[in-house]
Structure formats: C-alpha cells, structure tokens
Amino acid sequence: MTMATTGVTPRIGDLVRLDAAASSQFERPIWFRVIGVRPSPTVPGWVYLDGWELAEGLEITEVTVFVRVAGLTVRPDG
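Structural notes, computed from the coordinates.

Procedures and definitions
Residues numbered from 1 in each chain as written. Predicted model: local features only at pLDDT ≥ 70, side-chain atom pairs only at ≥ 80, totals over all residues. Heavy atoms only, no water. Helix = DSSP H or I, 4+ residues; strand = E, 2+ residues; numbered from the N terminus. Buried < 20%, exposed > 50% of the residue type's maximum accessible area, 1.4 Å probe, protein only. Contact = heavy atoms within 4.5 Å. Salt bridge = Lys/Arg side-chain N within 4 Å of Asp/Glu carboxyl O.

This part covers the environment of Thr9. Counting through the fold element by element, Thr9 comes out in the loop between strand 1 (5-6) and strand 2 (15-18). Note on Thr9: relative accessible area 43%, which makes it partly exposed. Sequence-wise, Thr9 and Arg68 are 59 residues apart; in three dimensions their C-alpha atoms are separated by 9.3 Å. In this view, Thr9 contacts Val37 and Val69; residues no more than four positions away in its chain are not counted.

Bringing the pattern of salt bridges into the picture now. In total, this model carries 3 salt bridges according to the counting rule given. Residue Glu53 is joined to Arg28 by a salt bridge in which the shortest nitrogen-to-oxygen separation is 3.7 Å. Placement of Glu53 in strand 4 (residues 46-54) and of Arg28 in the loop between strand 2 and strand 3 (30-39) is noted, with a sequence separation of 25 residues between them. Assessed through its relative accessible area of 53%, Arg28 is described here as exposed. A salt bridge links Arg38 to Asp50; the shortest N-O distance between them is 3.0 Å. One end of the pair, Arg38, is in strand 3; the other, Asp50, is in strand 4, and 12 residues separate them in sequence. Taking relative accessible area as the criterion, Arg38 reaches 38% and is therefore assigned partly exposed. Exposure remark for Asp50: the relative accessible area of 17% places this residue in the buried category.

Function cannot be inferred from these measures alone, as they are strictly geometric.
So, in structure tokens, the structure goes:
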C-alpha cells in the first residue's frame, strides 16, 4: 500500500486530498488526480495544480486549483 505524506509538492499522476488545510475553498474535502504542477511566481509555498476532481457518482471534472503545499496530503501515483 502506498503511504500518504503531507506538505510535499505533488508530481504528475499523484492523488491528492484537498481540504481546508490546502485552501479555504475546500470546505468539503475532495480527491484530485494531478496532471500538471506550476509553482506560484508570487506566493511562496503555494502551487497551481491542474488535474481531475474525483468524486463518487459524479463526472470527472478537469480544473486548476491554487493550493498551499503545506496543507496537501499526497498519495504518490495514487
């Protein structure tokens, strides 16, 4: 079983749990499959993640989110 880690920058393919620790926009936690990572040019410790929101029973939605690395829970290669 792959171990989850917190506070690390994810890589393409990783599965990431986004919740209020990552950004206040996530009152309800979601799982997110990363397809792109871009560091913020102006806010240290934050990144833009491109990927798919994974939700049971819902369509997979491709989105870009702005999140705090220290608040991420990452499962490498999900």
